[in-house]
Amino acid sequence: MFRLLFLSGLFMFLALAGGCARDARQTQLMTENTTNVPENITWCGTLRLPGKWQDDSPVGGLSDLAWDEDESLLYMISDRGWLHRVRLRFSGDELVGLDPLKTYVLRDRQGRALSENAADAESMIVQRGNNGVRGDTMLLVGFERDHRIQRFYPNGKSVGKPLKPEGLRDADPRTGAEAMGRHPQEGIIIGLENAPIGADKSSTRLFSLGSGAEWTYPLLDESGNALTALETYGSDLLALERAFAPPAPLVISLRRIRLGSDGQIEVDTLAQLSSGDGWRLDNFEGLTHLGANRYLMVSDDNFRMVQETLLSCFELPVPEDN
């Protein structure tokens with residue numbers, strides 16, 4: 001009897017532990033050893049996401065985020081074609097948890113799941129998510145390997161024909177439309193992760209989806225650096241760069257972009273975080289704007305046990321000239 005009770009209790013413990021392991025847990029990017037803390041960033045909560053939701057949907061490989069203001073929903077997309085819809089939970093101004101609502105597989109117009117090469121989603125924005133009309137949301141997604149921009153319903157089904165703008169020309173198969181954000185004047189801006197084939201590796205290309213205008217974006221001189229996300233920042237853009245080239249430290253940079261006419265561009269570095277300074281970092285690839293000057297960024301764990309999926313909230317100062 002004792003043995004049966006022991007085994008029953010053990011199984012219950014394992015079941016409970018497994019359930020807890022599938023919940024988002026609060027953590028923080030700063031450790032007791034962190035130095036070089038930027039003064040112009042206010043942190044508003046960090047979550048460590050599980051490898052699977054309670055319904056067994058895989059959570060890893062997240063490449064971007066998109067915030068639907070009208071529905072108060074967060075969309076998260078993976079480079080394996082999974083689209084997650086979640087509700088964030090805040091306590092005051094701090095992100096303390098999230099509730100997964102539904103996970104979809106990206107599908108073509110006939111309802112078929114996208115193939116592996118076609119499902120490599122890297123960037124995403126919400127369209128019609130801040131017009132005061134609920135149920136009107138569309139998602140615009142950028143892909144690599146099969147380089148294209150494509151619209152989707154919030155249930156993951158594609159809408160219309162894919163777009164293949166000139167700005168994606170000569171993109172390396174693995175470094176396509178990695179970053180996508182909305183500029184107040186230039187509209188939707190897309191950035192390649194790294195330089196096009198044959199171009200100077202110290203920079204990459206930004207282009208307007210609407211006008212086709214292009215800019216050369218100078219990357220910071222960090223080993224393994226790449227542009228991974230874009231978002232609105234006042235009247236400009238906020239860029240997220242990630243430098244990952246072990247054994248060199250992992251470095252995350254936040255930079256302000258001012259776009260000018262005739263391809264002119266100004267870029268200022270707002271903050272840098274380095275694992276060499278004690279920051280708890282991972283492969284941050286996704287970024288979204290929550291309103292005012294608050295943002296979320298997410299890391300892609302590449303489905304590796306040694307990496308983490310971190311969802312971190314931060315606030316930047318009001319741009320000086322806005």
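Residues numbered from 1 in each chain as written. Predicted model: local features only at pLDDT ≥ 70, side-chain atom pairs only at ≥ 80, totals over all residues. Heavy atoms only, no water.

*Asks:* Whenever I open this one, the sheet that holds strand 3 (residues 62-68) confuses me. Can you help?
*Replies:* Sheet strands line up and pair through hydrogen bonds in the backbone, either parallel or antiparallel. Taking strand neighbours across the sheet as the criterion, the 4 strands line up as 3-4-5-6 in an open arrangement whose pairing is antiparallel. This sheet does not close on itself; its edge strands, each paired only once, are strand 3 and strand 6 (94-105). Neighbour-to-neighbour, the strand axes of the sheet open up by a mean angle of 25 degrees, direction not taken into account. With 6 bridges joining them, strand 3 and strand 4 (residues 73-78) adopt antiparallel strand pairing. Directly across from D68, in strand 4, lies its bridge partner L73. (Pairing = 2+ DSSP bridges. Helix = DSSP H or I, 4+ residues; strand = E, 2+ residues; numbered from the N terminus. Axes fitted to C-alpha atoms, helices over the stretch in contact; angles between N-to-C directions.)

*Asks:* What should I look at first to understand the state of the cysteines in this one?
*Replies:* Formally, a disulfide is one covalent bond, and it connects the sulfur atom of one cysteine to the sulfur atom of another. Taken as a whole, this structure holds 1 disulfide when the rule is applied. The disulfide that involves C44 links it to C313, with 2.0 Å between the sulfurs. One quick way to see it: the torsion about the S-S bond of C44 and C313 is about -80 degrees, and its sign makes the bridge left-handed. Here the residue C44 occupies a position in strand 2 (residues 42-49), and C313 occupies one in strand 21 (residues 309-315), the gap between them amounting to 269 residues. An identical accessibility class is assigned to C44 and C313; each is buried. (Disulfide = S-S within 2.5 Å. Buried < 20%, exposed > 50% of the residue type's maximum accessible area, 1.4 Å probe, protein only.)

*Asks:* Quick question: what am I supposed to make of the sheet that holds strand 16 (residues 236-243) here?
*Replies:* A sheet is described by the order of its strands in space; here 4 strands give the open sequence 15-16-17-18, paired in antiparallel fashion. Unpaired on one side and paired on the other, strand 15 (225-233) and strand 18 (265-274) mark the two borders of the sheet. On average, adjacent strands in this sheet sit at an angle of 25 degrees to one another, irrespective of strand direction. Relative to strand 18, strand 17 (residues 251-259) runs antiparallel, the two sharing 9 bridges. The residue of strand 18 that forms the bridge with L254 is A271.

*Asks:* Sorry if this is basic, but what is going on with the nonpolar core here?
*Replies:* One recurring pattern in soluble globular proteins: nonpolar side chains tend to sit buried together. One finds L238, L240, F284, L287 and F314 to be the most contacted residues of the largest nonpolar core, which totals 20 residues. Counting only elements with at least two residues in this core, the list comes to strand 15, strand 16, strand 17, strand 18, strand 19 (284-291), strand 20 (294-299) and strand 21. Ignoring any residue separated from it by four or fewer positions in sequence, one finds F314 in contact with I41, T42, W43, C44, L238, L254, L287, N293, R294, Y295 and M297. (Core = buried A, V, L, I, M, F, W, Y, C linked by side-chain atoms within 4.5 Å. Contact = heavy atoms within 4.5 Å.)

*Asks:* Before we go on, may I ask you to explain the side chain of R255 in this structure?
*Replies:* Take R255: it is sitting in strand 17. Among the polar contacts made by the side chain of R255, one reaches the side chain of T269 at a distance of 3.2 Å. Leaving out residues up to four positions away in the same chain, R255 has contacts with Y217, P218, L219, L220, L237, L238, A239, E241, V267, D268, T269 and L270. (Polar contact = N/O pair within 3.5 Å; in protein donor to acceptor, adjacent residues only side chain to side chain.)

*Asks:* Hey, could you run me through the pattern of salt bridges in this one?
*Replies:* Once their charged atoms are close, side chains differing in charge can pair, the charge on each being opposite to the other. With the rule as written, the count across this model stands at 20 salt bridges. R242 serves as the salt-bridge partner of E193, at 3.2 Å between the closest nitrogen and oxygen. With E193 in the loop between strand 12 (187-192) and strand 13 (203-208) and R242 in strand 16, this residue pair connects regions lying 49 residues apart in the sequence. Put simply, R256 and D236 hold a salt bridge, and the shortest N to O gap is 2.7 Å. Here the residue R256 occupies a position in strand 17, and D236 occupies one in strand 16, the gap between them amounting to 20 residues. Each member of the pair, R256 together with D236, is buried. (Salt bridge = Lys/Arg side-chain N within 4 Å of Asp/Glu carboxyl O.)

*Asks:* How should I be thinking about the pairing of strand 2 in this particular structure?
*Replies:* In regular strands, side chains alternate between the two faces of the sheet. Where strand 1 (residues 25-27) meets strand 2, 3 bridges bridge the pair, whose relative direction is antiparallel. In the sheet register, Q26 faces strand 2, and the bridge partner there is L47. As defined by bridge partners, strand 2 adjoins strand 21 across 6 bridges and the pair is classed as antiparallel. Residue pairing across strands places W43 opposite F314, the latter belonging to strand 21.

*Asks:* Can you help me understand the packing of aromatic side chains in this one?
*Replies:* Each aromatic ring pair is characterised by the separation of its centres together with the angle its planes make. Overall, the coordinates contain 5 aromatic pairs when judged by the stated rule. When the ring of F143 is compared with that of F152, the centres are 6.0 Å apart and the planes differ by 50 degrees; the resulting orientation is tilted. By relative accessible area, which is 0% here, F143 ends up buried. Judged by relative accessible area, F152 falls into the buried class, the value being 1%. (Phe/Tyr/Trp six-rings, centres within 6.5 Å; stacked < 30°, edge-to-face > 60°.)

*Asks:* Is there a simple way to explain the environment of G142 in this structure?
*Replies:* Tracing the chain through its elements places G142 in strand 8 (residues 138-143). Sequence separation between G142 and A179 is 37 residues, and the spatial gap between their C-alpha atoms is 7.9 Å.

*Asks:* Any chance you could explain unusual backbone geometry here in plain terms?
*Replies:* Apart from glycine, the bulk of residues carry a negative phi angle, and the bulk of peptide bonds sit in the trans form. Across the junction of P246 and P247, the peptide omega takes the value 10 degrees, indicating a cis bond. Structurally, P247 is set in the loop between strand 16 and strand 17. For N36, which is not a glycine, the phi torsion comes out positive at approximately 55 degrees. Looking at the secondary structure, you find N36 in the loop between strand 1 and strand 2. What makes N36 exposed here is its relative accessible area of 52%. At F303, a residue that is not glycine, the phi angle is positive and equals roughly 55 degrees. Here F303 falls in the partly exposed class, since its relative accessible area comes to 31%.

So yeah, pure geometry; function would need other evidence.
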